[in-house]
Amino acid sequence: MKKGVMRPGHVQIRVLDLDEAVKHYADLMGLIEMDRDDQGRVYLKGWTEVDKFSVVLREADEAGMDFMAFKVADEATLDSLAQDLRDYGLELTELPAGDLKDCGRRIQFTAPTGHHFELFATKEQTGKWGVSNRNPEAWPRDAKGMKATRFDHCLLYGDDIDGVLDIFTNVLGFQLVEQVVEPDGNKIAIFMACSMKEHDIAFIRQPMKDKFHHASFFLESWEDVLKAGDLLSMTDTPIDIGPTRHGLTHGTTIYFFDPSGNRCEVFSGGDYTYPDHPVITWDAEQLGKAIFYHDRELNERFLTVVT
Amino acid sequence: MEAKVTSLNVTVVDKAKDTEVAFDAKSDQPVLLSIRSVVGSPIPVGCKGGGCGVCKVRVLEGNFSAKRMSKAHISEQDLEENVVLACRIIPETDLKVEILAETPEEDKS
Ligand code: FES
Ligand SMILES: [Fe+2]
């Protein structure tokens, strides 16, 4: 049952070299640099996003994800969800408005897999970049590189994904859309949505805490995914796999790495979900096909290379 | 001033497999990037960005400069002991390195 969580709001990614990272996310992927703050963080977004930013880059001495946030319907919903999380037994940290530039207060909690998540209700809306709300043109003519349209989802690795599933579905109102299960019913992957998409957040069970597999950005077409691959070759950027198709979600995809070793994805298409849709289940023995529909096997890096 | 790009020799010692393999590495880029094929690479290839730790090696002989490496995988002490990520060290001389591929459990973060 929906509880007022609307969509992925932002992800803060740690990078080893800020300038190299900005080149990657802005010049190559086509995210728009929107702002910087006095801590040196860089704020970016895809051109179709109405909120001011969806990606925050922070220079640090290790790679990985600081936190991922979801935007909720309004401040009252934020209060009630915070109370529900507290009642569930989670400790919350409240970050004041302005801690992230032009973002309202945020409620942060640590999931059983060690990942940090936050909820917020308010962020400055600068509108879609390069197109107006009134008689809008189809797309901005000066978007760069892959022209990534929006931050879409993250895939994370951790141990207690059952704990995560309980919180996201029962407290935050997400829907379990797809899963990979072992013969004994043990879940090894969960794909969850707060929207009509096939996933807004996904987890794969691995014996580790707080690991980042990838952040993913939406493109309009399979041809755009192909051209993203062309750009990766033109810039000699490490490609992990693709262009190919996922079995899970059926999206067309390419995986590659940012200059600090964080994995990025751009993808297009994919299935949709309504609240009455039954859960899609993949058998663990079909994991290869579930992840890479054409190769039907995992590349070695899929399970081992994370930040 | 443009430094001249030279070709240097990198020898990889793999104690687990009891092998020693050598390849040519360019002097203007990280060692791992001189390996063009992931399949059969003498050093495990991961993210190529200093983030994931799979290309961890100990430099036994030779000089290098290093770009920033994730401290989740390379501690101060590792650095003192010449334990580095092959995707972040740029060779200055011929090198001899030993593979120390990391398993997820050893992750320091
Ligand atoms: S390949 Fe990932 S740290 Fe070197
Ligand atoms: Fe994805």
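Our subject is the structure listed above.
Residues numbered from 1 in each chain as written. Chains lettered and ligands numbered in written order. Predicted model: local features only at pLDDT ≥ 70, side-chain atom pairs only at ≥ 80, totals over all residues. Heavy atoms only, no water.

Caption draft 1: View of the packing of helix α2 (residues 75-88) of chain A against helix α3 (residues 161-171) of chain A. Residues and elements named next belong to chain A. Where α2 meets α3, the closest approach of the two axes is 11 Å, and the angle between their N-to-C directions is 140°. By the angle class used here, α2 and α3 are oblique. When you trace α2 past α3, the crossing you get is right-handed. In this structure, α2 uses L81, D84, L85 and Y88 to contact α3, whose residues at the interface are G163, D166, I167 and V171. Per-class residue counts for the contact of α2 with α3 are five nonpolar, one polar and two charged. (Axes fitted to C-alpha atoms, helices over the stretch in contact; angles between N-to-C directions. Helix = DSSP H or I, 4+ residues; strand = E, 2+ residues; numbered from the N terminus. Parallel < 35°, antiparallel > 145°, perpendicular 65-115°, else oblique. Left-handed = near helix turned anticlockwise from the far one by under 90°. Contact = heavy atoms within 4.5 Å. Nonpolar A, V, L, I, M, F, W, Y, C, P; charged D, E, K, R; others polar.)

Caption draft 2: Highlighting the packing of aromatic side chains. Residue and element names in this part refer to chain A. Going through the model one piece at a time under the given rule, you end up with 16 aromatic pairs over all chains. Centroid distance Y43 to F53: 4.7 Å. Interplanar angle 80°. Geometry classified as edge-to-face. You can see Y43 sitting in strand β3 (residues 42-45) and its partner F53 sitting in the loop between β3 and β4 (55-59), a full ten residues away along the chain. With relative accessibility at 0%, the residue Y43 sits in the buried group. The exposure class of F53 is buried, given its relative accessible area of 1%. In this structure an aromatic cluster arises from ring pairing among F70, F109, F117, F168, F174 and F203. (Phe/Tyr/Trp six-rings, centres within 6.5 Å; stacked < 30°, edge-to-face > 60°. Buried < 20%, exposed > 50% of the residue type's maximum accessible area, 1.4 Å probe, protein only.)

Caption draft 3: Quick look at empty space enclosed by the protein. In the structure shown here, the tally under the stated rule is two cavities of 30 Å³ or more. In this structure, the largest cavity occupies an estimated 100 Å³ of space. Along its surface, the largest cavity is lined by 14 residues, and A:F191, A:H199, A:H214, A:H246 and A:Y255 are the ones closest to its centre. Residue assignment for the lining of the largest cavity shows that the elements contributing at least two residues are β9 (150-158) and α5 (287-291) of chain A. Per-class residue counts for the lining of the largest cavity are eight nonpolar, five polar and one charged. Of the volumes computed, that of the second largest cavity is approximately 30 Å³. Around the second largest cavity, the lining residues are A:R14, A:E62, A:A63, A:K211, A:T307, B:G51, B:S70, B:A72 and B:H73. (1 Å grid on protein atoms, 1.4 Å probe; cavity = no way out; pocket = protein on both sides within 12 Å on 5 of 7 lines; lining within 4 Å. Points joined across faces, edges and corners; volume = space filled by probe spheres on them.)

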